[in-house]
Amino acid sequence: ARPWLFTIGRREHARLYERKRLPTVDVDEASVLADPALASDGDARLDDLRRAILQLPDEYREPLVMQVLGGLSTTEIAAELKLTQPAVLTRLFRARNRLRVIYGLEPAEDAE
Amino acid sequence: MNSSSECQHVRVAVGGDPHNLSPEVKAHLLTCVDCSRYAQDTLTLDLGVRDALQLPVNRFRRAAPPARRFALAASVVLATLIGGGFWLLAPRSALAGEVVDHVMHEGGSWGEQVVLTPAEVAAVLKEAGVQFDSSLPVVYAMACPFHGHLVPHLVVQTANGPMTVMLLAHEKVSARQEFASEGLEGVLLPAGEGGVAVLMQHGKVPEAIAADVVSGVRW
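Let me sum up the structure you'll find in this document. Residue positions within a chain follow its written sequence, with the count starting from 1. Chain letters and ligand numbers both follow the written order, the letters beginning at A and the numbers at 1. Per-residue local features of the predicted model are confined to residues with pLDDT of at least 70, and side-chain atom pairs are confined, for both listing and counting, to 80 or more; whole-chain, interface and lining totals are unaffected and use all residues. Just so you know, side-chain values use all the structure's heavy atoms and leave hydrogens and water out.

**Description of the overall build of chain B**
Argument step 1. Helix numbering and strand numbering both begin at the N terminus, where a helix is a DSSP run of H or I of at least 4 residues and a strand a DSSP run of E of at least 2. Of the regular secondary structure elements, chain B holds six helices and eight strands.
Argument step 2. Helices (α) and strands (β) of chain B occur, in sequence order from the N terminus, as α-α-α-α-α-β-β-β-β-β-β-β-α-β.
Argument step 3. The buried label goes to any residue with under 20% of its type's maximum accessible area, the exposed label to any with over 50%, and the partly exposed label to all in between, with areas taken from a 1.4 Å probe on protein chains only. Buried residues in chain B amount to 37% of all 219 residues.
Argument step 4. Throughout, a residue-residue contact means that at least one pair of heavy atoms, one from each residue, lies within 4.5 Å. A sequence separation of at least 24 residues applies to 51% of the contacts in chain B between residues at least 6 apart.

Listed below in structure tokens is the structure:
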């Protein structure tokens, strides 16, 4: 049921943004303005990480959020995003590799 | 595969799905300190990612403006009224339609001329578990299945012509309802815990006959 709910959530979310012209704020500006959506709980590293996640390209951020927050398997993500499983694994690896730097960790070699 | 390329392969696998590693990758992690640390760091990073993404929803909730709350309340009231109206009206209309359909399926009953004996009528009433005392001559009597119960389907002769009477012990009829459909005119009447349907082919069912039928019914 989880992938099914995820699909509904994604489509409804997309539909919402199709209908509405929502005011947008640049991520950096929003952070400076202390937008509640980006406000940390006093953890600077988490704040940096959150900003880094938001700045990831969609192709990397989306599978990462689906895996870490949604708990979807790579097979489910591949089906949802209409990708092959190896492509999903590569995107997830690259997403994490980019975040490792922000998190103060050494990145792995990547032939990107 | 040399050690360096194996480590790279393992790190790609760990970076892709750190919680679902193949036996080969797990075996490598047991022997390679650097990759093991890499895997541990990746799990820590995932915890950070999860914490970063789990924003409290109530931060984004804004109280609905009063006008919107009023509109919402009005919508609920309207929906309740419409839904309640359908609930109250639909069953009765549906019942009348089903009675007409049933009578149309037994159209031959209108042509019966021979008056049945009281014993024949009593047998049908007994089969349906209903008592009906009326002076009207009965020319057709059947215990018909209707809504999962056997109901007496009678045709009585009157000065106004033949009339169909259906004694609906299990149908709650809360108010008198006249109807016309398929060339028939009829009336549904409350009768104790159940209801009675009286139909005729030409013209409205006379009030006196409808009243006579209702007064003769005992469930």
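Moving on from the coordinates now.
**Focus: the nonpolar core**
Argument step 1. Formed by 26 residues in total, the largest nonpolar core has its most connected members in Val165(B), Leu167(B), Val196(B), Val198(B) and Val213(B).
Argument step 2. Counting residues per element, the ones that place at least two in this core are helix 5 (118-128), strand 2 (138-146), strand 3 (149-158), strand 4 (161-168), strand 6 (184-191), strand 7 (194-200) and helix 6 (207-215) of chain B.
Argument step 3. Here this core takes four residues from helix 5 of chain B, the largest share from any one element.
Argument step 4. Setting aside residues up to four positions removed in sequence, Val198(B) forms contacts with Met163(B), Thr164(B), Val165(B), Glu185(B), Gly186(B), Val187(B), Val205(B) and Val213(B).
Argument step 5. In this structure, Leu49(A), Leu64(A), Ala95(A) and Val49(B) belong to the second largest nonpolar core, which totals 22 residues. Residues belong to a common nonpolar core when they are buried Ala, Val, Leu, Ile, Met, Phe, Trp, Tyr or Cys residues joined through side-chain atoms within 4.5 Å.

**Re the pattern of salt bridges**
Argument step 1. Salt bridges, as used here, are contacts in which a Lys or Arg side-chain nitrogen is within 4 Å of a carboxyl oxygen on Asp or Glu. Applying the stated rule across the entire model yields eight salt bridges over all chains.
Argument step 2. Arg51(A) is paired through a salt bridge with Asp48(A); the nearest N and O atoms lie 3.2 Å apart. Of this pair, Arg51(A) and Asp48(A) both sit in helix 3 (residues 44-55), three residues apart, roughly one helical turn.
Argument step 3. By relative accessible area, Arg51(A) is classed as partly exposed at 26%.
Argument step 4. With its nearest N and O atoms 3.6 Å apart, the salt bridge here joins Asp34(B) to Arg37(B). Residue Asp34(B) and its partner Arg37(B) are located together in helix 3 (residues 33-53), separated by three residues, close to a single helical turn.
Argument step 5. Using a relative accessible area of 49% as the deciding quantity, one classes Arg37(B) as partly exposed.
Argument step 6. Each of Arg176(B), Glu178(B), Lys204(B) and Glu207(B) takes part in salt bridges that share partners, so that together they form one network.

**What about the pairing of strand 5 (residues 177-181) of chain B?**
Argument step 1. Relative to strand 6 of chain B, strand 5 of chain B runs antiparallel, the two being bridged by five bridges. The residue bridging Ser181(B) from the neighbouring strand is Leu184(B), located in strand 6 of chain B. Should DSSP find at least two bridges between two strands, the strands are regarded as paired.

**A look at the environment of Gln85(A)**
All names here are of chain A.
Argument step 1. Checked against the element boundaries, Gln85 lands in helix 6 (residues 85-102).
Argument step 2. Along the backbone, Gln85 and Ser73 are 12 residues apart, and their C-alpha atoms lie at a distance of 9.8 Å.
Argument step 3. With sequence-adjacent residues up to four places away left out, Gln85 is seen in contact with Thr74, Thr75 and Ala78.

**A closer look at the interface of chain B and chain A**
It is common to give the size of an interface as the accessible area that goes away when the parts come together.
Argument step 1. Facing 23 residues of chain B, the contacting portion of chain A comprises 27 residues.
Argument step 2. Note: buried area is the sum, over both parts, of the accessible area (probe 1.4 Å) each one loses when the two are combined. Of the roughly 2200 Å² buried between chain B and chain A on both sides combined, carbon and sulfur atoms contribute 66%.
Argument step 3. Where chain B packs against chain A, one counts two salt bridges.
Argument step 4. Between Arg96(A) and Asp46(B) there is a salt bridge, and its shortest N-O distance comes to 2.7 Å.
Argument step 5. Pairs of N or O atoms within 3.5 Å make up the polar contacts considered here, provided that, within protein, one atom can donate a hydrogen while the other can accept it, and that residues adjacent in sequence are counted only when both atoms are side-chain atoms. Summed over the shared surface of chain B and chain A, the result is eight residue pairs in polar contact (both at pLDDT 80 or more).
Argument step 6. Ranked by the residues each element gives to the side of chain B that touches chain A, the list is headed by helix 3 of chain B, at 12 residues.
Argument step 7. Classifying every residue of the side of chain B that touches chain A gives nine nonpolar, seven polar and seven charged. Amino acids are sorted into nonpolar (Ala, Val, Leu, Ile, Met, Phe, Trp, Tyr, Cys and Pro), charged (Asp, Glu, Lys and Arg) and polar (every other residue, Gly among them).

**A short note on the packing of helix 3 of chain A against helix 3 of chain B**
Argument step 1. For the pair helix 3 of chain A and helix 3 of chain B, the least separation of the axes is 9 Å and the interaxial angle reads 80°. When the interaxial angle is binned, helix 3 of chain A and helix 3 of chain B end up roughly perpendicular. Together, Leu46(A), Leu49(A), Arg50(A) and Ile53(A) of helix 3 of chain A and Leu45(B), Gly48(B), Val49(B), Asp51(B), Ala52(B) and Leu53(B) of helix 3 of chain B make up the contact between the two elements.
Argument step 2. Here the residues of the contact of helix 3 of chain A with helix 3 of chain B sort into seven nonpolar, one polar and two charged. Between N-to-C directions, angles cover 0 to 180 degrees, with each direction set by a line fitted to C-alpha atoms, over the stretch in contact for helices. The labels follow the angle: roughly parallel below 35 degrees, roughly antiparallel above 145, roughly perpendicular from 65 to 115, and oblique for the rest.

**Some remarks on the side chain of Glu80(A)**
All names here are of chain A.
Argument step 1. Tracing the chain through its elements places Glu80 in helix 5 (residues 74-81).
Argument step 2. We classify Glu80 as buried; its relative accessible area is 12%.
Argument step 3. At a separation of 2.5 Å, a polar atom in the side chain of Glu80 contacts the side chain of Thr7.
Argument step 4. In contact with Glu80, other than residues within four places in its own chain, are Pro3, Thr7, Arg10 and Met66.

**Topic: helix 3 of chain A**
Argument step 1. Counted at 1.5 Å a residue, the expected span for helix 3 of chain A with its 12 residues is 16 Å, and the 16 Å between its end C-alpha atoms agrees.
Argument step 2. Residues Leu46(A), Asp47(A), Leu49(A), Arg50(A), Ala52(A) and Ile53(A) constitute the buried set of helix 3 of chain A. Expected helix span is computed as 1.5 Å times (number of residues minus one).

**Examining the sheet that holds strand 5 of chain B**
All names here are of chain B.
Argument step 1. The antiparallel open sheet is built from six strands, whose spatial order is 2-3-4-7-6-5. The outermost strands of the open sheet, each flanked by one partner alone, are strand 2 and strand 5. Each strand axis lies, on average, 20° off the axis of its neighbour in the sheet, ignoring direction.

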